[in-house]
Amino acid sequence: MSDEMGAVVPVEVVDAASRIGAPPGFEAVRFQADSALLRELGERLVGQPHIALAELIKNAYDADATLCMIELERDRIVVTDDGHGMTRAEFLNHWMTIGTRNKQDRGTSREFGRNVTGSKGVGRLSAQFLAHELELVTVPKGQEDNQQLHALVNWDEAINAGKLTEAEAFFRMEPRATTFAASSVHGTRVTMKRLKQYWGEDEIKDLGRQLWMIQSPLPQYGRLTTETVDPKAFRVTMSSGRGDLADAFDRQMKAALQNFDAAISGELVRRGDKSEVHVKVAFRRGATYSESFEVEPIVETAKWNIRVFKLQGRQFEGVKVGDARDYFEQFGGVQVYDAGFRLPYYGVEQDWLGIEFDHSHRRNKSALLPDRLHVRRALNDLPTQGRLFGVVDIDTGREARSASARAQDSGEYLKIQVTRDRLVANRAYTVLRDAVRWSLDYYATRERLREEGSLDIKRPEEPSTDKVGRIRDLVLQVRQEHRYDENVVALEREVADLSQTMDDERRADEAARALLGPLASAGMAALALEHESRKEMRLGRNLVRRLRAVAKEVSDDRIAQIADQVLAWVERLESTRRVFAPLLDPDDRDQVEALSLASVLRQAHENVAPLIPGVAVSMDVPRDIVLPPATFAEWNSLFQNVIVNAANATLDSDSRRILCSGGRTGRSAWARISDTGGGIDWERSESFFEPFAREMRISQERRALGLGGMGLGLTIVRMIADQRRCKVQFVEPEKPWSTTFQISWSSAQ
């Protein structure tokens, strides 16, 4: 018998009479597996190097490790953890069994109760995918015989063994001679030798994207306020002979936590019979504000540090917004630590600060802040728990020691319940809770003031034309007195040129303002569509769940298929909303910065991809080309317009392709969008940038679909380009392209 790969696999025939239920006259035959299935499973189920290595590291997470160390060398990778390790029986019954269900059956890790990340039982095939040889050393937690299990696997020999049941690994029990991560006496070390893939910066970043969500944020910030860390938190480190790889991995692992909007720090200090709270709000891109206020002198000391995150728009290092939201749903909120011990009651799942309560009741005025700090509708900017990560540090032991005799008798000091689950809800707890919440309300007022201040536009008291007119009159007076002075004559010409230039700019501004009506209508329509579509998608997903429940209840596959089709439609609609994302994110709208051309083009394409199905878009852009400083919303709008125009131009073409390229010519840099459409009229190309000009050679049937827009796209493109001192034009395309749009700028920008 031959399998898919052509290998001859012997079969074992069994006496049918010995098999219960065998049909009369039939012989029984057992299924066999070719050992090449090891490679086939590794390639198909794992697929990519960073996914393979991530699977091994997730094994450490499932083993209740707190530290996993990756050592990447030229021809080997070592993964070491301080988890619970494996016994001899676990190695033989679980690790050596492909497809074991022990994790799936257990569901959570044995010590910390983590939700296990592996369930298919093929994680060890990751090692086969990565390298030709494997060495494993493991010591189980609590083992007292001072032994370690040492195993070796040559994957090439195992694959060539014939039957999968004949593939071999070699192991022995030997005196313990290995120390694991964090100098632990128990854990697992996996060494992969003779690597099969190249590991560069891109591969390391991809690895970080696979892993960052299982790592608690606490170790990355030393608990934010102290040097101790949560003893149950999971941390991954990397070392390499190439320092840039370790740095790239570290950046990627911290990427989600770099997108914070503001840092709120607070400290409660008691001095004698007075207690003060000092609060500071530092915006990541902006000013720092601070306030102090008095509280009842009943708490000795407390410190907190809270970060507020913007979980919309572009995230750092390619982190997906959805992943970031899920991460903070798991790890976010404001947590309380008592002398380094985390009190499990506090965090994202418990509204101990009353944040969600105030949101649900639509409160917009703080009940804690004094009148002088109130700002209209301030609590509209109070962040939800899913946008917060913070730590409050207290020490109930110190509170008990410093409490007065009266407080000791009444129990009115900061203390913990016997269960060590939460603090006793007394007056001291109320002071602590209100102080922390006070700092969040203060942040909301400063954010509201910042928003309102950003809308304050100062207009000049005198038109510039009047000022130029006065200068022209003065020049005429001087000219009469010094009729033959060459400098005066030259000055008169310059003032005349300035006046003409201002007239030209005025006419251009009037033409631009004529566009504001259509643009404002389009912008309002986009915002309304985004807002309403979000509600409709939520309704759509609810309908899908109901359809699936009905399909299961009546056992009708047709209803289940309809549910799948509705879900696919909802997901397409959701992807279309990405077009509007940069307009909705304040950072994307307001933050001016020099952005990478490659990343902007890639994001612009991802945003409009649902609008241009069937068009193959390729990128050829050097990573070191940087656009002139501008907001992401500006560049995104510009390139989205051009890419959609290019895609529409290919509607009637046999080959629907677009190339986004970048480069340098002398002291200028440029970006080009080329397409395989019907081409343009070169003599009229400059007029395409005028309002309501359209040039799209497509069939009447295509025009009937409403494709081609209003003729404002290229006008908007030129307006943005002019604002950022860039030049836009159509240039002669190279084969096989029929049209090439170019935007260029000075490299000095």
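Participant: Go over the overall build of the chain, please, and point to the residues and values.
Facilitator: The helix and strand inventory of the chain stands at 23 helices and 21 strands. When burial is assessed residue by residue, the chain has 43% of its 749 residues classed as buried. For the chain, the accessible area works out to roughly 40000 Å², and carbon and sulfur atoms hold 49% of it.

Participant: How would you explain the sheet that holds strand β13 (residues 301-309) if you had to name every residue and give the values?
Facilitator: The seven strands are arranged β12-β11-β10-β13-β16-β14-β15 in an open sheet whose pairing can be described as mixed. Every other strand in the sheet has two partners, leaving β12 (288-295) and β15 (341-343) as the edge strands with one partner each. Across the sheet, the axes of successive neighbouring strands diverge by a mean angle of 20°, strand direction being ignored. Pairing of strand β14 (residues 333-338) with strand β16 (residues 388-394) involves six bridges; the strand directions are parallel. Pairing of Gln-335 across the sheet is with Val-391, part of β16.

Participant: Describe the side chain of Glu-174, and please don't skip the residues or the numbers.
Facilitator: Looking at where Glu-174 falls in the secondary structure, it is placed in strand β7 (residues 170-175). Judged by its relative accessible area of 12%, Glu-174 falls in the buried class. Within the structure, Glu-174 has its side chain in polar contact with the side chain of Arg-172 (distance 2.5 Å). Setting aside its immediate chain neighbours within four residues, Glu-174 contacts Asn-146, Gln-147, Gln-148 and His-150.

Participant: How would you explain the packing of aromatic side chains if you had to name every residue and give the values?
Facilitator: Inspection of every chain in the model, using the stated rule, returns 11 aromatic pairs. Aromatic rings pair up to connect Tyr-345, Tyr-346, Trp-352 and Tyr-429 into one cluster. The residue whose ring lies beneath Arg-284 is Phe-260, and the NZ or CZ to ring-centre distance is 5.5 Å. Just above the ring of Trp-670 sits the side chain of Arg-672; from NZ or CZ to the centre is 3.6 Å.

Participant: So, the nonpolar core: which residues are in play, and what are the values?
Facilitator: If you look at the biggest cluster of nonpolar residues, it comprises 43 residues, and the most contacted ones within it are Leu-268, Trp-304, Trp-352 and Val-392. Elements represented by at least two residues in this core include exactly β10 (260-271), β11 (274-283), β12, β13, β14, β16 and α13 (427-454). It is α13 that contributes the most residues to this core, 11 residues altogether. Counting 41 residues, the second largest nonpolar core, distinct from the first, contains Leu-53, Ala-131, Val-190 and Ala-246.

Participant: Can you lay out the sheet that holds strand β20 (residues 727-731) for me, pointing to particular residues and giving the numbers?
Facilitator: Judged by pairing direction, the sheet is mixed, and its five strands sit side by side in the order β17-β18-β19-β21-β20 without closing on themselves. With one partner strand each, in any of the chains shown, β17 (616-620) and β20 form the two edges of the open sheet. Averaged over all pairs of adjacent strands, the angle between strand axes in this sheet comes to 20°, irrespective of strand direction. Relative to strand β18 (residues 657-665), β17 runs parallel, the two being bridged by five bridges. Bridge pairing in β18 links Val-617 to Ile-658.

Participant: Quick one: what's the story with the pattern of salt bridges, residue by residue and with numbers?
Facilitator: Scanning all chains against the criterion turns up 20 salt bridges. As a salt-bridge pair, Glu-135 and Lys-193 come within 3.2 Å of each other at their nearest N and O atoms. In this pair, Glu-135 is assigned in strand β5 (residues 131-139) and Lys-193 in strand β8 (residues 187-195), connecting sequence segments 58 residues apart. The closest approach of N and O atoms between Arg-437 and Asp-358, which form a salt bridge, is 2.7 Å. Here the residue Arg-437 occupies a position in helix α13, and Asp-358 occupies one in helix α10 (residues 355-360), the gap between them amounting to 79 residues. Take Arg-437 and Asp-358: they sit in the same class, and that class is buried. Salt bridges linked by common partners bring Asp-358, Arg-363, Arg-437 and Asp-441 together as one network.

Participant: Hey, could you go over the packing of helix α2 (residues 49-62) against helix α7 (residues 201-211) for me, with residue numbers and the actual values?
Facilitator: For the pair α2 and α7, the least separation of the axes is 9 Å and the interaxial angle reads 40°. Relative to α7, the element α2 lies oblique. Crossing geometry of α2 relative to α7 is assigned as right-handed. Contacts between α2 and α7 involve His-50, Ile-51, Leu-53, Ala-54, Ile-57 and Lys-58 from the former and Glu-203, Asp-206, Leu-207, Gln-210 and Leu-211 from the latter.

Participant: Which residues make up the pairing of β12, and what values go with them?
Facilitator: As paired elements, β11 and β12 share eight bridges and run antiparallel to each other. By the bridge assignment, Val-279 is partnered in β12 with Glu-291. Hairpin geometry of β11 and β12 is characterised by an intervening segment of four residues between the two adjacent antiparallel strands.

Participant: So what's going on with helix α20 (residues 597-608)? Which residues, and what values?
Facilitator: Between its first and last C-alpha atoms α20 spans 17 Å; for 12 residues at 1.5 Å apiece the expected length is 16 Å, and the two agree. When we look at burial in α20, the residues that qualify are Leu-597, Ala-598, Val-600, Leu-601, Ala-604, Asn-607 and Val-608.

Participant: If you had to explain the environment of Val-236 to someone new, which residues and values would you point to?
Facilitator: Looking at the secondary structure, you find Val-236 in strand β9 (residues 235-240). With a relative accessible area of 6%, Val-236 lands in the buried category. As a C-alpha pair, Val-236 and Cys-68 span 168 residues in sequence and 4.8 Å in three-dimensional space.

Participant: I'd love a proper account of the packing of α7 against helix α8 (residues 243-253), names of residues and values included.
Facilitator: At a minimum axis separation of 8 Å, α7 and α8 run at an interaxial angle of 30°. Taken together, α7 and α8 sit at an angle that is classed as roughly parallel. The interaxial crossing formed by α7 with α8 has right-handed handedness. Here α7 contributes Glu-201, Ile-204, Lys-205, Leu-207, Gly-208, Arg-209 and Leu-211 to the contact with α8, which in turn contributes Asp-244, Leu-245, Ala-248, Phe-249, Arg-251, Gln-252 and Met-253.

Participant: I'd like to hear about the environment of Asn-607, residue by residue, with values.
Facilitator: Relative to the helices and strands, Asn-607 is located in helix α20. At 3.1 Å, the side chain of Asn-607 and the side chain of Asn-636 are in polar contact.

Participant: Talk me through unusual backbone geometry; I want residue IDs and the actual numbers.
Facilitator: A cis geometry characterises the amide bond from Lys-735 onward to Pro-736, with omega recorded as 10°. Of note in the backbone geometry, Arg-377 takes a positive phi value of approximately 60° without being a glycine. Inspection of the secondary structure puts Arg-377 in the loop between α10 and β16. You can call Arg-377 partly exposed: its relative accessible area is 31%. Phi is positive for Arg-725, which is not a glycine, with a value near 55°. Mapping Arg-725 onto the fold places it in the loop between α23 (713-723) and β20.

Participant: Account for α8, naming residues and giving values.
Facilitator: When we look at burial in α8, the residues that qualify are Leu-245, Ala-246, Ala-248, Phe-249, Gln-252 and Met-253. Along the axis of α8, the buried residues cluster in a sector spanning 160°; they form a single face.

Participant: Now, about the side chain of Asp-441: what can you tell me, with residues and values included?
Facilitator: Looking at the secondary structure, you find Asp-441 in helix α13. Aside from chain neighbours lying at most four places away, what touches Asp-441 is Ser-366, Leu-368, Leu-369, Leu-379 and Leu-382.

Participant: Mind laying out the environment of Asp-564, listing which residues take part and the relevant values?
Facilitator: When you line up the elements, Asp-564 lands in helix α17 (residues 557-576). Through-space distance from the C-alpha of Asp-564 to that of Arg-548 is 8.6 Å; in sequence the pair is 16 residues apart.

Rules and cut-offs
- Residues numbered from 1 in each chain as written.
- Predicted model: local features only at pLDDT ≥ 70, side-chain atom pairs only at ≥ 80, totals over all residues.
- Heavy atoms only, no water.
- Helix = DSSP H or I, 4+ residues; strand = E, 2+ residues; numbered from the N terminus.
- Buried < 20%, exposed > 50% of the residue type's maximum accessible area, 1.4 Å probe, protein only.
- Areas by Shrake-Rupley, 256 points an atom, 1.4 Å probe, with all protein chains shown as cover.
- Pairing = 2+ DSSP bridges.
- Axes fitted to C-alpha atoms, helices over the stretch in contact; angles between N-to-C directions.
- Polar contact = N/O pair within 3.5 Å; in protein donor to acceptor, adjacent residues only side chain to side chain.
- Contact = heavy atoms within 4.5 Å.
- Phe/Tyr/Trp six-rings, centres within 6.5 Å; stacked < 30°, edge-to-face > 60°.
- Lys NZ or Arg CZ within 6 Å of the ring centre and 35° of its normal.
- Core = buried A, V, L, I, M, F, W, Y, C linked by side-chain atoms within 4.5 Å.
- Salt bridge = Lys/Arg side-chain N within 4 Å of Asp/Glu carboxyl O.
- Parallel < 35°, antiparallel > 145°, perpendicular 65-115°, else oblique.
- Left-handed = near helix turned anticlockwise from the far one by under 90°.
- Expected span 1.5 Å × (residues − 1).
- Arc of directions from axis to C-beta.

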